[in-house]
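# Close look at the chain arrangement
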Amino acid sequence: MSTPEKALRSQRLNQITHEPHSKLDALVKANAPFETRANFARFVVAQYLFQSELVALYNDAELTAIVPDLPARCRAEAARADLADLDTEVPAPVAGALKNPSKARALGWIFVSEGSKLGAAFLIKRAVALDLSETFGARHLGEPEGGRAEGWKRFVRTLDSLQFSAEEEAEVEQGAIDAFNRFTVLLEQAYATEAEPA
């Protein structure tokens with residue numbers, strides 16, 4: 001008797017993160033990052049905070065053994081350069097960053113970070129209206145080397161092929177949900193702080 005086809009891990013992660021993802025999308029829209037450069041700079045603050053919290057994961061030896069080009073995928077430096085372009089100070093870290101997650105939990109976070117590069121294809125088009133580009137102010141939204149879709153497909157194929165225990169499946173799912181929730185917190189914080197008078 002054949003067992004019914006089980007959904008791929010990446011498909012399951014997309015399903016279980018649908019709600020926090022929708023909530024985050026609504027929050028981004030509510031803060032209108034593409035209305036003004038000042039608004040966009042706050043969006044970049046949140047992006048930088050999130051990416052800088054993941055630098056250790058992107059450079060983790062155990063994770064790089066699974067995804068060899070992982071260090072090159074990190075966007076923290078691109079976001080930092082964008083902040084400089086936008087005359088915005090590098091923000092101080094926000095309490096509550098991820099610390100020493102298990103391999104499976106870490107992959108859940110990276111799944112969310114890598115997936116956001118697909119959405120960045122639409123965002124970069126809107127950034128152009130603010131005279132920003134992949135080389136100025138919106139570098140972190142730029143097309144990764146080798147293309148967005150191809151990089152994502154490679155990552156997902158690897159993630160879907162890993163043999164996980166039931167406990168690890170729960171951890172990768174929790175990691176993905178936590179990543180969306182964390183970015184939501186960082187975004188709320190970035191837009192809540194009073195803009196410095198120029």
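Rules and cut-offs
The residue numbers shown here count from 1 along each chain, following its written sequence. Given that this is a predicted model, residues contribute local features only at a pLDDT of at least 70 and side-chain atom pairs are listed and counted only at 80 or more, while totals for whole chains, interfaces and linings are drawn from all residues. Side-chain descriptors were evaluated using all non-hydrogen atoms of the structure, hydrogens and water having been removed beforehand. To qualify as a helix, a DSSP run of H or I must reach at least 4 residues; to qualify as a strand, a run of E must reach at least 2; elements of each kind are numbered from the N terminus. Only the C-alpha atoms count toward the radius of gyration. The rule for a globule is 2.2 Å times the residue count to the power 0.38. Each residue is assigned to one of three classes by its accessible area relative to the maximum for its type, calculated with a 1.4 Å probe on protein chains only: buried under 20%, partly exposed between the two thresholds, exposed over 50%. Contact criterion: two residues are considered in contact whenever any of their non-hydrogen atoms come within 4.5 Å of each other. Surface accessibility in these figures is a Shrake-Rupley result with a 1.4 Å probe; residues are shielded only by whichever protein chains are displayed. Think of each axis as a best-fit line through the C-alpha atoms, taken over the contacting stretch in the case of a helix, with angles from 0 to 180 degrees between the N-to-C directions. Each angle is binned into one of four classes, with values under 35 degrees roughly parallel, values over 145 roughly antiparallel, values of 65 to 115 roughly perpendicular, and all other values oblique. Note on convention: the crossing is left-handed when the near helix lies turned anticlockwise from the far helix by less than a right angle, right-handed when the turn is clockwise. Definition used in this section: a nonpolar core is a set of buried Ala, Val, Leu, Ile, Met, Phe, Trp, Tyr and Cys residues joined via side-chain atoms within 4.5 Å. Ring geometry is summarised as follows: Phe, Tyr and Trp rings, the Trp one being its six-membered ring, pair when their centres sit within 6.5 Å, and such pairs are stacked at plane angles under 30 degrees, edge-to-face over 60 and tilted between the two. Only Lys NZ and Arg CZ are tested; either one counts as a charge over a ring when it is within 6 Å of the ring centre and within 35 degrees of the ring normal. Classification used: nonpolar for Ala, Val, Leu, Ile, Met, Phe, Trp, Tyr, Cys and Pro, charged for Asp, Glu, Lys and Arg, polar for all others including Gly.

Under an unreviewed UniProt entry, the name given to the chain is Biliverdin-producing heme oxygenase, and the organism recorded is Pseudomonas glycinae.

## Overview of the overall build of the chain
When its secondary structure is counted, the chain shows ten helices and zero strands. Going residue by residue from the N terminus, the α and β elements of the chain occur as α-α-α-α-α-α-α-α-α-α. Radius of gyration (C-alpha) of the chain: 17 Å, near the 16 Å computed for a compact globule of 198 residues. Principal-axis analysis of the C-alpha atoms gives the chain an extent of 70 × 35 × 30 Å. The buried share of the chain, taken over its 198 residues, is 44%. In the chain, the share of contacts with a sequence separation of at least 24, taken over all contacts with a separation of at least 6, comes to 82%. In the form shown here, the chain has an accessible surface area of approximately 10,700 Å², with 54% of it arising from carbon and sulfur atoms.

## Some words on the packing of helix α8 (residues 103-128) against helix α10 (residues 166-192)
For the pair α8 and α10, the least separation of the axes is 7 Å and the interaxial angle reads 40°. The angle between the axes of α8 and α10 places the two elements in the oblique class. Considering only the axes of α8 and α10, their crossing is right-handed. Counting all contacts with α8, which are made through Lys-103, Ala-104, Arg-105, Leu-107, Gly-108, Trp-109, Phe-111 and Val-112, the residues of α10 involved are Glu-168, Glu-171, Val-172, Gln-174, Gly-175, Ala-176, Asp-178, Ala-179, Phe-180 and Arg-182.

## A look at the nonpolar core
Residues Phe-40, Leu-57, Leu-107, Phe-111, Phe-155 and Leu-187 are the most contacted members of the largest nonpolar core, which totals 55 residues. Top contributing element to this core by residue count: α8, with ten residues. Non-local contacts of Phe-111, meaning those with residues more than four positions away in its chain, are made with Ser-10, Leu-13, Asn-14, Trp-152, Phe-155, Leu-159 and Ala-176.

## Structural notes on the packing of aromatic side chains
If you walk through the whole model with that rule in mind, you get seven aromatic pairs. For the ring pair Phe-34 and Phe-40, a centre distance of 5.6 Å and an interplane angle of 40° mean the geometry is tilted. Comparing Phe-34 with Phe-40 shows no difference in burial state: the two are buried. Ring geometry for Phe-40 and Phe-43: centres 6.0 Å apart, planes at 40°, overall tilted. A residue pair is termed a helical-turn pair when its members lie 3 or 4 positions apart in one helix, as Phe-40 and Phe-43 do in helix α3 (residues 37-53) at three residues. Grouping residues by exposure puts Phe-40 and Phe-43 together as buried. Directly above the aromatic system of Phe-164 lies the positively charged group of Arg-9, at a separation of 4.1 Å from the ring centroid.

## Some thoughts on the packing of helix α1 (residues 9-16) against helix α9 (residues 148-161)
The geometry of a pair of packed helices is captured by two quantities: the angle between their axes and the separation between those axes. α9 packs onto α1 with a crossing angle of 100° between their chain directions and a minimal axis gap of 8 Å. The orientation of α1 with respect to α9, classified from their angle, is roughly perpendicular. On the side of α1, the interface is formed by Arg-9, Ser-10 and Leu-13, while α9 contributes Val-156, Leu-159 and Asp-160. Grouping the amino acids of the contact of α1 with α9 by side-chain chemistry returns three nonpolar, one polar and two charged.

## Thoughts on unusual backbone geometry
The phi angle at Asn-100 is positive, at roughly 40°, despite the residue not being glycine. By secondary structure assignment, the location of Asn-100 is in the loop between α7 (76-85) and α8. Residue Asp-131 is not a glycine yet carries a positive backbone phi of 60°. Topologically, Asp-131 is positioned in the loop between α8 and α9. What makes Asp-131 exposed here is its relative accessible area of 61%.

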